Amino acid sequence: MAKAKTNAKIQTRPPVVAVMGHVDHGKTTLLDYIRKARVASSEHGGITQHIGAYQAEVNGRIITFIDTPGHAAFSAMRSRGAAVTDLVVLVVAADDGVMPQTKESISHIKAANVPMVVAINKMDAPGANVERVKKGLAAEGVLVEGYGGDVVAVPISAKSGEGVKELLEMILLVSDLAELKDTSQANFEGVVIDSSLDKYRGAVATILVKKGSLKVGDQVVSNSASGRIKALITSNGERVSQAVGSMPVGILGLTAVPAVGEVFTLGKGKVGEEKKQQERDDIFVPKVKEVRLLLKADTAGSLEAINAAIESIEVSEGKVNVVHKETGEVTESDILLAASTKSIIIAFNAPVSKTVASLAAEDKVLIRSYNLIYELLDELKEGVDALLNVKKEEVVGKAEVVAIFKADAARVAGCKVSEGQLSKGDKVNITRGERNLGTAKIKTMKHLQEDINSASVGDEFGMTLEGKADFAVGDIIEAVR
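So, how was this worked out
Residues numbered from 1 in each chain as written. Predicted model: local features only at pLDDT ≥ 70, side-chain atom pairs only at ≥ 80, totals over all residues. Heavy atoms only, no water. Helix = DSSP H or I, 4+ residues; strand = E, 2+ residues; numbered from the N terminus. Buried < 20%, exposed > 50% of the residue type's maximum accessible area, 1.4 Å probe, protein only. Contact = heavy atoms within 4.5 Å. Areas by Shrake-Rupley, 256 points an atom, 1.4 Å probe, with all protein chains shown as cover. Core = buried A, V, L, I, M, F, W, Y, C linked by side-chain atoms within 4.5 Å. Patch = residues over 30% accessible without salt bridge, like charges linked within 9 Å, V, L, I, M, F, W, Y side chains within 5 Å. Salt bridge = Lys/Arg side-chain N within 4 Å of Asp/Glu carboxyl O. Lys, Arg positive; Asp, Glu negative; His and termini not counted. Charge placed at Lys NZ, Arg CZ, Asp CG, Glu CD. Expected span 1.5 Å × (residues − 1). Arc of directions from axis to C-beta. Pairing = 2+ DSSP bridges. Axes fitted to C-alpha atoms, helices over the stretch in contact; angles between N-to-C directions. Polar contact = N/O pair within 3.5 Å; in protein donor to acceptor, adjacent residues only side chain to side chain. Phe/Tyr/Trp six-rings, centres within 6.5 Å; stacked < 30°, edge-to-face > 60°. Lys NZ or Arg CZ within 6 Å of the ring centre and 35° of its normal. pLDDT = per-residue confidence, 0-100.

S.K.: Any chance you could explain the overall build of the chain here in plain terms?
M.R.: Broken down by element type, the chain carries 10 helices and 27 strands. Burial analysis of the chain (481 residues in total) assigns 47% to the buried set. For the chain, contacts bridging at least 24 residues in sequence account for 69% of all contacts bridging at least 6. Approximately 24,000 Å² of the chain is accessible, and the part contributed by carbon and sulfur atoms is 49%.

S.K.: Where do I start with the nonpolar core in this structure?
M.R.: One recurring pattern in soluble globular proteins is that nonpolar side chains are buried together. Grouped together as the largest cluster of nonpolar side chains are 24 residues, with contacts concentrated most on Leu-30, Ile-63, Phe-65, Val-89, Leu-167, Leu-168 and Ile-171. Counting residues per element, the ones that place at least two in this core are β1 (16-21), α1 (27-35), β2 (52-58), β3 (61-67), β4 (87-93), β5 (116-121), β6 (152-155) and α5 (164-178). Here this core takes 6 residues from α5, the largest share from any one element. In contact with Ile-171, not counting residues within four places along its chain, are Val-17, Ile-63, Phe-65, Leu-87 and Val-89.

S.K.: Where do I start with the environment of Ile-430 in this structure?
M.R.: When you line up the elements, Ile-430 lands in strand β22 (residues 427-432). By relative accessible area, which is 0% here, Ile-430 ends up buried. Separated by 30 residues in the primary sequence, Ile-430 and Glu-400 place their C-alpha atoms 9.8 Å from one another.

S.K.: Can you walk me through a negative patch on the surface in this structure?
M.R.: On the surface, Asp-124, Glu-162, Glu-166 and Glu-169 cluster together to form a negatively charged patch. Mapped onto the secondary structure, Glu-166 falls in helix α5.

S.K.: When you look at helix α3 (residues 100-112) in this model, what are you seeing that I'm missing?
M.R.: Structural remark: α-helix, 3.6 residues per turn; residues separated by three or four positions point the same way. Under the 1.5 Å per step criterion, the end-to-end length of α3 is 19 Å for 13 residues, consistent within 8% with the ideal 18 Å. Regarding α3, the residues found buried are Gln-101, Thr-102, Ser-105, Ile-106, His-108 and Ile-109. Looking straight down α3, one finds that the buried residues subtend no more than 165 degrees of arc, so they occupy a single side. Asn-113 occupies a position one or two residues after α3 and carries a positive phi of about 55 degrees.

S.K.: Is there a simple way to explain the sheet that holds β5 in this structure?
M.R.: Picture the strands of a sheet paired through backbone hydrogen bonds; they go either parallel or antiparallel. Spatial strand order, β2-β3-β1-β4-β5-β6: 6 strands in an open sheet with mixed pairing. Taken across any chain shown, the strands that pair with only one partner, and hence form the sheet edges, are β2 and β6. Each strand axis lies, on average, 25 degrees off the axis of its neighbour in the sheet, ignoring direction. Bridge count between β1 and β3: 4 bridges; the pairing is parallel. Bridging across to β3, Val-19 finds its partner in Asp-67. Each of β1, β4 and β5 touches α3; the most contacted strand, β4, lies at about 165 degrees to it.

S.K.: I tried to follow the environment of Lys-110 on my own but got confused; where do I start?
M.R.: The topology assignment puts Lys-110 in helix α3. Lys-110 has contacts with Glu-140 and Gly-141, leaving out every residue within four places of it along the chain. A polar contact is formed between the side chain of Lys-110 and the backbone oxygen of Glu-140, at a distance of 2.8 Å.

S.K.: Would you take a moment to explain the sheet that holds strand β17 (residues 319-327) for this structure?
M.R.: A sheet is described by the order of its strands in space; here 4 strands give the open sequence β17-β16-β18-β19, paired in parallel fashion. Among the strands making up the open sheet, the edge pair consists of β17 and β19 (367-370). Each strand axis lies, on average, 20 degrees off the axis of its neighbour in the sheet, ignoring direction. Strand direction decides the pairing type here: strand β16 (residues 290-297) and β17, joined by 8 bridges, are parallel.

S.K.: Looking at this model, I keep getting lost on α5. Mind explaining?
M.R.: Taking 1.5 Å of rise per residue, the 15 residues of α5 would be expected to cover 21 Å, and the 21 Å separating its terminal C-alpha atoms lies within 8% of that figure. Among all positions in α5, only Val-164, Leu-167, Leu-168, Ile-171, Leu-172, Val-174 and Ser-175 are buried. End-on view of α5: buried residues confined to an arc of 165 degrees, all on one side of the axis. Residues of α5 that are exposed and point over 90 degrees away from its buried face: Lys-165 and Leu-177. Where α5 ends, the next residue or the one after it, Glu-179, has phi of about 50 degrees, a positive value.

S.K.: Looking at this model, I keep getting lost on the packing of aromatic side chains. Mind explaining?
M.R.: Any aromatic ring pair is given by two values, namely how distant the centres are and how the planes are angled relative to each other. For the coordinates displayed, the defined rule picks out 0 aromatic pairs. The ring of Phe-471 carries the charged tip of Arg-411 above its face, separated from the ring centre by 4.5 Å.

S.K.: What am I meant to see in the confidence of the model for the chain here?
M.R.: Atom-level detail of predicted coordinates should not be read off regions where pLDDT is low. Of all residues in the chain, 82% attain a pLDDT of 70 or more, and the chain-wide mean is 82. Across the chain, the secondary-structure element scoring lowest on mean pLDDT is helix α6 (residues 273-281), at 42, and the one scoring highest is β5, at 97. Within the model, pLDDT remains below 50 along residues 1-10, and this stretch shows 12 contacts once partners closer than five positions in the same chain are excluded. Here residues 272-287 is a poorly scored stretch, pLDDT under 50, and it has 17 contacts once near neighbours within four places are set aside; other chains count.

S.K.: Please explain the pattern of salt bridges as it appears in this structure.
M.R.: A pair can form between side chains of opposite charge whenever their charged atoms are brought close. Enumeration according to the criterion identifies 9 salt bridges in this entry. In this structure, Arg-13 engages Asp-86 in a salt bridge whose closest nitrogen and oxygen atoms are separated by 2.8 Å. One end of the pair, Arg-13, is in the segment before β1; the other, Asp-86, is in the loop between α2 (75-83) and β4, and 73 residues separate them in sequence. The class of Arg-13 is buried, set by a relative accessible area of 15%. The class of Asp-86 is buried, set by a relative accessible area of 13%. For Asp-334, the salt bridge is made with Lys-296, and the minimal N-O distance between the two is 2.5 Å. Linking Asp-334 in helix α8 (residues 332-341) with Lys-296 in strand β16, this pair joins segments that are 38 residues apart in sequence. Like Asp-334, the residue Lys-296 is buried in the burial classification.

S.K.: What is the right way to look at the side chain of Ser-157 in this model?
M.R.: Inspection of the secondary structure assignment puts Ser-157 in the loop between β6 and α5. Non-local contacts of Ser-157, meaning those with residues more than four positions away in its chain, are made with Asn-121, Lys-122, Asp-124, Glu-162 and Val-164.

S.K.: Is there a simple way to explain unusual backbone geometry in this structure?
M.R.: Positive phi, close to 50 degrees, is recorded for Glu-179, a residue that is not glycine. By secondary structure assignment, the location of Glu-179 is in the loop between α5 and β7 (189-198). Positive phi is not limited to glycine here, since Leu-448 has a value of about 60 degrees. Relative to the helices and strands, Leu-448 resides in the loop between β23 (435-447) and β24 (450-451).

Right under this line is the structure:
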């Protein structure tokens with residue numbers, strides 16, 4: 001079948017606009033005013049932590065807005081947001097000026113090579129200073145009108161709405177100059193904006209239609225997921241039968257949760273299983289000291305940001321290895337994988353049921369839960385180096401206490417070796433069920449009346465211990481090195 005021509009229509013499509021800038025400079029407040037809905041009020045800490053996409057009607061025309069997060073740890077998400085957009089609104093607070101995340105945003109915008117419009121927000125705040133903002137932008141190579149450049153800067157108050165209408169009109173004007181051609185007749189391409197695993201609906205992805213159109217019933221495929229579209233859901237929660245260019249929609253019917261930034265096209269395919277199997281096949285005995293982590297998060301966006309931050313952690317020796325990462329709640333399968341790989345589970349806004357928590361305790365798997373990204377990263381940075389420098393013990397022998405005797409003033413543990421070998425001078429751990437009673441050192445060993453230096457599987461012997469650890473019949477004594 002011949003490919004459809006991409007330039008069959010000579011009309012423009014709606015612009016896709018990202019809103020970026022420093023935390024607390026008013027990005028979410030601006031979008032709230034535009035679309036008349038709250039976002040950050042439902043987030044922990046009042047910081048938007050997921051990418052969302054919304055459409056607004058302006059003078060009879062549509063603008064698609066992508067809300068990128070403002071926290072420093074999510075710089076990777078901001079970068080991805082700029083990569084799928086036609087234009088960026090850079091929000092800078094008039095009372096605060098150019099800040100570190102403003103500079104990061106400028107770098108991402110320049111790398112994406114897309115035009116920008118500056119929204120100088122909080123004009124109604126005490127200390128608002130437009131000239132200071134413009135000078136700060138010029139220092140970063142962003143030259144606004146009146147400062148030797150052609151970047152449009154619009155003073156606004158996202159709180160009261162002052163100047164927002166002018167900002168939207170400037171967005172449309174700059175978009176018109178870019179001549180965004182309609183690609184509705186092209187073969188379908190959709191970029192994943194965010195994704196998650198829903199307990200009732202399964203794998204859910206928010207995609208932005210870049211080319212062509214997508215209909216309910218279409219078969220789609222990406223690098224890690226595929227499926228037949230069961231439903232298309234708009235940002236307003238409405239179900240539609242078709243999604244066209246620059247339209248963000250939630251899609252249902254996927255076989256797996258796709259990674260953010262993946263591109264969906266029309267077609268059939270069974271993908272993702274080989275990748276998941278490979279992750280499980282990569283379990284190995286490390287040659288260097290290593291802290292292993294299993295990451296679970298509520299959305300793919302959060303997962304990517306946390307993984308990127310972990311990769312940037314510097315340790316004095318050894319390494320940090322993420323053995324598996326996935327969206328959704330912590331499951332029994334995660335516990336089994338963590339137990340077999342000796343991993344710590346990091347759960348970011350990922351539920352842990354009582355059943356799973358009980359299994360984790362039983363298998364001695366540590367789960368650390370967080371709902372604020374900066375708390376997670378701060379604790380990891382402090383803890384990873386310490387974990388790498390903990391001396392690990394290898395169990396070389398195990399024996400069960402089957403009887404207790406008295407010899408002079410000493411208590412003698414009559415034991416039978418069940419695993420490996422125990423030797424005179426070995427350090428031992430004494431356990432009773434799941435409880436560790438303490439450590440000691442093997443002082444003497446005897447078989448009948450003969451002194452011995454070691455005992456192997458099946459041997460019965462008596463031993464005395466140095467140390468204060470108590471023992472009773474049924475206790476397990478493990479020799480460790």
